[in-house]
Amino acid sequence: MSARPLLNRRLNGLGTTIFAEMSALATATGSINLGQGFPDTDGPREIAQAAADAVLNGRGNQYPPGPGIPELRTAVAEHQQRCYGLTYDPDSEVLVTAGATEAIAAAMLALLEPGDEVIAFEPFYDSYAACIAMAGATRVPLTLRAPDFRPDLDRLRALVTPRTRLLLLNTPHNPTGMVLTPDELSAIAELACERDLLVVTDEVYEHLVFTGGHHPIAALPGMRDRTVTISSAGKTFSFTGWKVGWATGSPDLIAAVRTAKQYLTYVSAGPFQYAVAEALRLPDSYFTTLRTDLLRKRDLLADGLRAAGFEVYTPQGTYFITTDITPFGEKDAYAFCRTLPERCGVVAIPNSVFYDDPDAGRSQVRFTFCKQDDVLSDATARLRRLGGSAVLTSPGDAG
Ligand SMILES: *Cc1c(COP(=O)(O)O)cnc(C)c1O
């Protein structure tokens, strides 16, 4: 065998996603998994029934149309209109994908040339780095810093070069829970217009905003035709295993993304597309209840984490809380998360792995609160042991 490494240079260093690593650790140790963001209760029963009916009635069991079934594309367009006043043509401006993950990948592969620069917030959602790399482009991080994780807009402006092709946004932002404000979005939109940049915006947490509301950048002047907006059913309807996502944008952008998408999965999740079309038409009360339930869980977990000794950065959106472990005299989030299952039977995610800047997120740990209340209470009770064990096992680490 030649000495040449098997994994190509573009993927070098991407390894196993932290979510797989930490979920495996949760299973192996029987820990409470507050790492990977998936709810422990399924979404609405009638939507699950709609999926089952679709399978049994032979709807979507064979290859659905490449851009997605018309019912779902229409439902996505109606949702964008109803929630944000954005008008999209279901035939030419909506594309159904295998989750938001495929939409992100297809957008990067379709819109980037090798050598192009992509500016994205760090900490990055981990597929961004991989997709930018697979497209042969370069990621340029705009670092979000504790305690409030607001983007530094002067710094953003300074990061734009003649090679910058695209801004990859994520609001509400995973993992920090930061939600871009209308003022921030306007400043970003102005910059995109001035420097003629494309915008790809990942809005999978659009319905999980607790403060200030969600505002799509595509609705701002000059943005509609330079923006690909991505979302998915996973987080909004608590069916993360269905992997039904979508992208909306102008016909030429969507045609470009569809070209790449055709050769990734071609199509996916036929019967689930029918069910998600129904889900998107649920009454406003569904979305309100989702939000108020999660707000209560956020506060339950935040209080519990504070009581256990963490520094807590209260999120404005998403179902994640970022914390800092410095109060325990610890500094290395990855090492902390590796030993957390042994120490108290809880799994969390080190934010440090989502930063290029090794110092920026070194002591940050993310917990999810999309779990049943008693699971959250049990987890924080377990974490309360940590104060003691941190002092007992690592007295020298405090400095
Ligand atoms: C969960 C998540 C995704 C992936 O969504 P799927 O629809 O499951 O592919 C994309 N972006 C962010 C920020 C996420 O948290």
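To keep things clear, this report deals only with the structure shown in the data block. (Residues numbered from 1 in each chain as written. Predicted model: local features only at pLDDT ≥ 70, side-chain atom pairs only at ≥ 80, totals over all residues. Heavy atoms only, no water.)

Attention now goes to a nonpolar patch on the surface. A grouping of Leu 109, Met 134 and Leu 264 is seen on the molecular surface, where their side chains present a nonpolar patch of about 250 Å² in accessible area. Structurally, the position occupied by Leu 264 is in the loop between helix H9 (251–262) and helix H10 (270–279). (Patch = residues over 30% accessible without salt bridge, like charges linked within 9 Å, V, L, I, M, F, W, Y side chains within 5 Å. Areas by Shrake-Rupley, 256 points an atom, 1.4 Å probe, with all protein chains shown as cover. Salt bridge = Lys/Arg side-chain N within 4 Å of Asp/Glu carboxyl O. Helix = DSSP H or I, 4+ residues; strand = E, 2+ residues; numbered from the N terminus.)

Turning our attention to the layout of surface pockets. To locate leftover empty space, one rolls a probe as large as a water molecule over the atoms. Considered as a void within the structure, the largest pocket measures approximately 920 Å³ in volume. Of all the secondary-structure elements, those providing two or more residues to the lining of the largest pocket are helix H1 (18–29), helix H4 (99–111), helix H5 (126–134) and helix H8 (233–237). For the lining of the largest pocket, the residue count by class is 16 nonpolar, 14 polar and 8 charged. In this model, the second largest pocket occupies a volume close to 320 Å³. Along the walls of the second largest pocket sit 19 residues, with Thr 41, Ser 238, Leu 290, Asp 293 and Lys 297 positioned nearest its centre. (1 Å grid on protein atoms, 1.4 Å probe; cavity = no way out; pocket = protein on both sides within 12 Å on 5 of 7 lines; lining within 4 Å. Points joined across faces, edges and corners; volume = space filled by probe spheres on them. Nonpolar A, V, L, I, M, F, W, Y, C, P; charged D, E, K, R; others polar.)

Among the 5 residues of strand S2 (residues 94–98), 5 are classified as buried, and the element is accordingly described as predominantly covered. The pairing of S2 with strand S8 (residues 244–248) spans 5 bridges and is classified as antiparallel. Bridging across to S8, Val 96 finds its partner in Trp 246. (Buried < 20%, exposed > 50% of the residue type's maximum accessible area, 1.4 Å probe, protein only. Pairing = 2+ DSSP bridges.)

The next thing to look at is the packing of aromatic side chains. Using the criterion set out here, one finds 18 aromatic pairs in the structure. Ring geometry for Tyr 63 and Tyr 266: centres 5.7 Å apart, planes at 70 degrees, overall edge-to-face. In this pair, Tyr 63 sits in the loop between helix H2 (45–56) and helix H3 (70–84) while Tyr 266 sits in the loop between H9 and H10, placing the two residues 203 residues apart along the sequence. Residues Phe 237 and Phe 287 carry aromatic rings whose centres are separated by 5.9 Å and whose planes lie at 70 degrees to one another, so their mutual orientation is edge-to-face. (Phe/Tyr/Trp six-rings, centres within 6.5 Å; stacked < 30°, edge-to-face > 60°.)

Read these as geometric descriptors, not functional statements.
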